[in-house]
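# Geometric and topological summary
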Amino acid sequence: MMTVVARRLGAMVLTLVLSSVVIFAAMYAAPGDPVTFLIGNPENVTPEKVAAVRAQYHLDEPVWVQYGLWAGNVVQGDFGTSFVYRQPVTDLMGPRLGVTLTLVAMAAVLFVLLGVSLGVVSALKRGTVVDSVITGVTTFLNSVPSFVIALVLVSFFAVELGWFDVAGAGTGFGDRIYHLTLPAVALALGALAVISRVTRQTMLEQRTLDHVEAARSFGLAPHKVVLRHVLRNSLGPIVTMCGMVLASMLAGTIVIEKVFGLNGVGSLLVEAINTHDFPVVQAILLYMVAAYMVVTTIVDLAYPLIDARTRERSRT
Amino acid sequence: MTVLLRPAGTRPAWLYRICAGILVITVAAAVFAPIVAPYEPSAADFAALWQPPSLEHWLGTDHLGRDILSRVIHGAQPSLLGAIALLAFATVLGVLIGVVAAWKRGWVDTVLARITDVMFAFPGLLFVVLVIAVFGRGPATAVIGMGLAFAPVIAKFTRAVALEELARPYVDAYRLQGVGGVELCLRYVVPNLLPTLAGYLVVLFGDGLMSLAALNFLGFGAQPPSSEWGLMVEESRAGVIQGYLAPAIIPGLAIAIVVVATNVVGVRLSDKLAVRP
């Protein structure tokens, strides 16, 4: 087991290092001299000033030296200073990470609860109208772009009914949850199809296995058969799929943040791209890759804990 | 990246026919847009802003008084072409990686698998953001960026089917006749993979269309006056708060309908094409 963990962590670190190289190289190759963005006002451009800025940001060093300096600082938690805000990147990202992570957490609760319940219902009612309706509706929701779903929600719940504000992330815990409700729903709806389908499929496979038949023939109550045997043994694939959806959601809030005017990491990324704020772009891209890697690695490592049947295999 | 939809049991044949019909109509609209569309797509009419559907404007007008039906019809072309270009680019790259990995095996396979893993770790929009940060924005950049994000998916699929294909007797037969590796792959193996790949690509098409629409919505791809569907939603976004939902939701529905239709047709096609003697 320990070797599996070590190997998985090693692969994660290797992928992160490779990604950091790609991200750094892309920013390095980007057109335009960073000096012009750094000095800002063209009237201030004097040879001395340019030289000072170049020295301060190590722009005259070879690429690999620049990468080394950057990576060394990143490891110590220093992502540099924003070109635009003149603030440490970590200070900029802190509050925005709060918004984005709360949003993703709320969406995750929603898509796990709703997705698994819908999957269980359609597995139990397989072949009926209920099953077809669930499959049809979730598939359709998966085919509508999330920004369109979001706009429909805004139009109905915020503009027509006035239950929610049109934009903004709110302040304080309760207000934040209230403001992020519509965005979280918009984010979660698209994921329902995948989760409910995996739940339905694995449950249908488990249903016909011998131990389930045995439990049923011993007269165990149907809901106990479903919860203790069918659903319990289906958890592995369901958790894996939930983890994958969650992992891509951590980097997939950009569009939703734009629709609801949220000051999250995604909108900061769009803004930083538009203003050529490279340190910020680098930090956010690195955060997104890291978040994806961490979640998928945790899910991989947790699999044997959820599904004891795979424990033997992973030990060898 | 959205996870691929698997076939949900057997779907009735009429659903397939309707969806195929929708695709034919969409492609026809894209090709014959100037003839079919009742108005110029960017002709503003400030006397008729935010019109509801009427006989003059079947789907109403937007915030500049432009006819929404005409804009959706004209938008079919950039929307569909974008997704096609994206898949073409991703297919060339993905098939190259997949076939080479399956052919060479060993360390080449391992290295390529590692590279595709890194590409997988860049979820969805990230790749695009990276390409856009380097090359600036525009339809081509969006296509290349998204193509890079789709390539590993296609590479993985191609590698799996190519491994099977390379194990077939004819490959050894040609090799014994002295046919070189590159020629063998290009002339015999890849063409044999294409039918299986084609069905898969049609299913992927919906994903590609949605991803590009999202990019255009963010303003990273097509620019005005294009009436690409994602861009149309973005331009009509402000109207939603004023109570005008239709101009934003109609192009959104167009995307959804095409995505559903290609999924149904694609799943059916891959079922049919993947059957091998």
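Residues numbered from 1 in each chain as written. Chains lettered and ligands numbered in written order. Predicted model: local features only at pLDDT ≥ 70, side-chain atom pairs only at ≥ 80, totals over all residues. Heavy atoms only, no water.

Across its full length, chain A holds 16 helices and zero strands. Each of the three principal axes of chain A carries a C-alpha extent, and together these read 85 × 60 × 30 Å. In chain A, which comprises 316 residues, the share counted as buried stands at 46%. Put simply, of all contacts in chain A between residues at least 6 apart along the chain, 72% involve residues at least 24 apart. For chain A, the computed accessible surface area is about 14,900 Å², with 67% contributed by carbon and sulfur atoms. Averaging the coordinates of the 21 positive side-chain charges in chain A and doing the same for the 20 negative ones gives two points 16 Å apart. (Helix = DSSP H or I, 4+ residues; strand = E, 2+ residues; numbered from the N terminus. Buried < 20%, exposed > 50% of the residue type's maximum accessible area, 1.4 Å probe, protein only. Contact = heavy atoms within 4.5 Å. Areas by Shrake-Rupley, 256 points an atom, 1.4 Å probe, with all protein chains shown as cover. Lys, Arg positive; Asp, Glu negative; His and termini not counted. Charge placed at Lys NZ, Arg CZ, Asp CG, Glu CD.)

On to the interface of chain A and chain B. The partner chain B presents 42 residues to the 46 residues of chain A that form the contact. Roughly 3,900 Å² is buried in total at the junction of chain A and chain B, and carbon and sulfur atoms are behind 80% of that figure. Of all residues in chain A, Phe147, Leu151 and Lys258 of chain A bury the most surface against chain B, accounting for 16% of the area lost on that side. For the pair chain A and chain B, the interface holds one salt bridge. With a shortest N-O distance of 3.1 Å, glutamate 234 of chain B and lysine 258 of chain A are connected by a salt bridge. Taken together, the links from chain A to chain B amount to three residue pairs in polar contact (both at pLDDT 80 or more). Elements supplying a minimum of two residues to the side of chain A that touches chain B: helix H1 (2-29), helix H6 (129-143), helix H7 (146-160), helix H10 (192-207), helix H12 (222-249), helix H13 (254-259), helix H14 (265-274) and helix H15 (278-306) of chain A. By residue number, the principal contributor to the side of chain A that touches chain B is H1 of chain A, which donates 10 residues. (Buried area = accessible area lost by both parts, 1.4 Å probe. Salt bridge = Lys/Arg side-chain N within 4 Å of Asp/Glu carboxyl O. Polar contact = N/O pair within 3.5 Å; in protein donor to acceptor, adjacent residues only side chain to side chain.)

Scanning all chains against the criterion turns up 11 aromatic pairs over all chains. An angle of 5° between the planes, with centres 4.3 Å apart, marks the rings of phenylalanine 147 of chain A and phenylalanine 217 of chain B as stacked. Of the two residues, phenylalanine 147 of chain A sits in helix H7 while phenylalanine 217 of chain B sits in helix H8 (residues 181-218), which places them in two different chains. When its relative accessible area of 0% is taken as the criterion, phenylalanine 217 of chain B is described as buried. Judged by centre distance (3.9 Å) and plane angle (5°), the ring pair of phenylalanine 157 of chain B and tyrosine 200 of chain B falls under stacked. (Phe/Tyr/Trp six-rings, centres within 6.5 Å; stacked < 30°, edge-to-face > 60°.)

Here we take up the environment of serine 70 of chain B. All names here are of chain B. Looking at where serine 70 falls in the secondary structure, it is placed in helix H3 (residues 68-104). Note on serine 70: relative accessible area 0%, which makes it buried. Along the backbone, serine 70 and serine 42 are 28 residues apart, and their C-alpha atoms lie at a distance of 8.8 Å. Not counting the four nearest positions on each side in its chain, serine 70 is found in contact with Ala37, Pro38, Tyr39 and Pro41. Separated by 3.0 Å, the side chain of serine 70 and the backbone nitrogen of tyrosine 39 make a polar contact.

It is worth spelling out the side chain of arginine 66 of chain B at this point. All names here are of chain B. Checked against the element boundaries, arginine 66 lands in the loop between helix H2 (33-36) and H3. When its relative accessible area of 7% is taken as the criterion, arginine 66 is described as buried. A polar side-chain atom of arginine 66 sits 3.1 Å from a polar atom in the side chain of glutamate 235.

The subject of this paragraph is the confidence of the model for chain B. Residues and elements named next belong to chain B. Mean pLDDT for chain B: 84, with 93% of residues reaching 70 or above. Mean pLDDT per element in chain B: helix H5 (residues 125-135) is the minimum at 75, and H3 is the maximum at 91. Long-range and interchain partners of residues 1-9, a stretch whose pLDDT sits below 50, account for 22 contacts in this model, where long-range means more than four residues apart. For this predicted complex, the interface score ipTM comes out at 0.83, alongside a pTM of 0.85. (pLDDT = per-residue confidence, 0-100.)

Okay, the environment of alanine 221 of chain A next. Residue and element names in this part refer to chain A. Following the sequence through the fold, alanine 221 ends up in the loop between helix H11 (210-217) and H12. Here alanine 221 falls in the partly exposed class, since its relative accessible area comes to 28%. As a C-alpha pair, alanine 221 and valine 259 span 38 residues in sequence and 47 Å in three-dimensional space.

All names here are of chain B. For the structure on display, the rule yields 12 salt bridges over all chains. Where aspartate 109 meets arginine 159, a salt bridge forms, and the shortest distance between an N and an O atom there is 2.8 Å. In this pair, aspartate 109 is assigned in helix H4 (residues 106-120) and arginine 159 in helix H6 (residues 139-166), connecting sequence segments 50 residues apart. By relative accessible area, which is 30% here, arginine 159 ends up partly exposed. Taking the shortest distance from any N to any O, the salt bridge between arginine 237 and glutamate 234 comes out at 3.2 Å. Residue class for arginine 237 comes out partly exposed when judged on its relative accessible area of 23%. Among the charged side chains, a salt-bridge network with shared partners connects Asp62, Arg66, Arg71 and Glu235.

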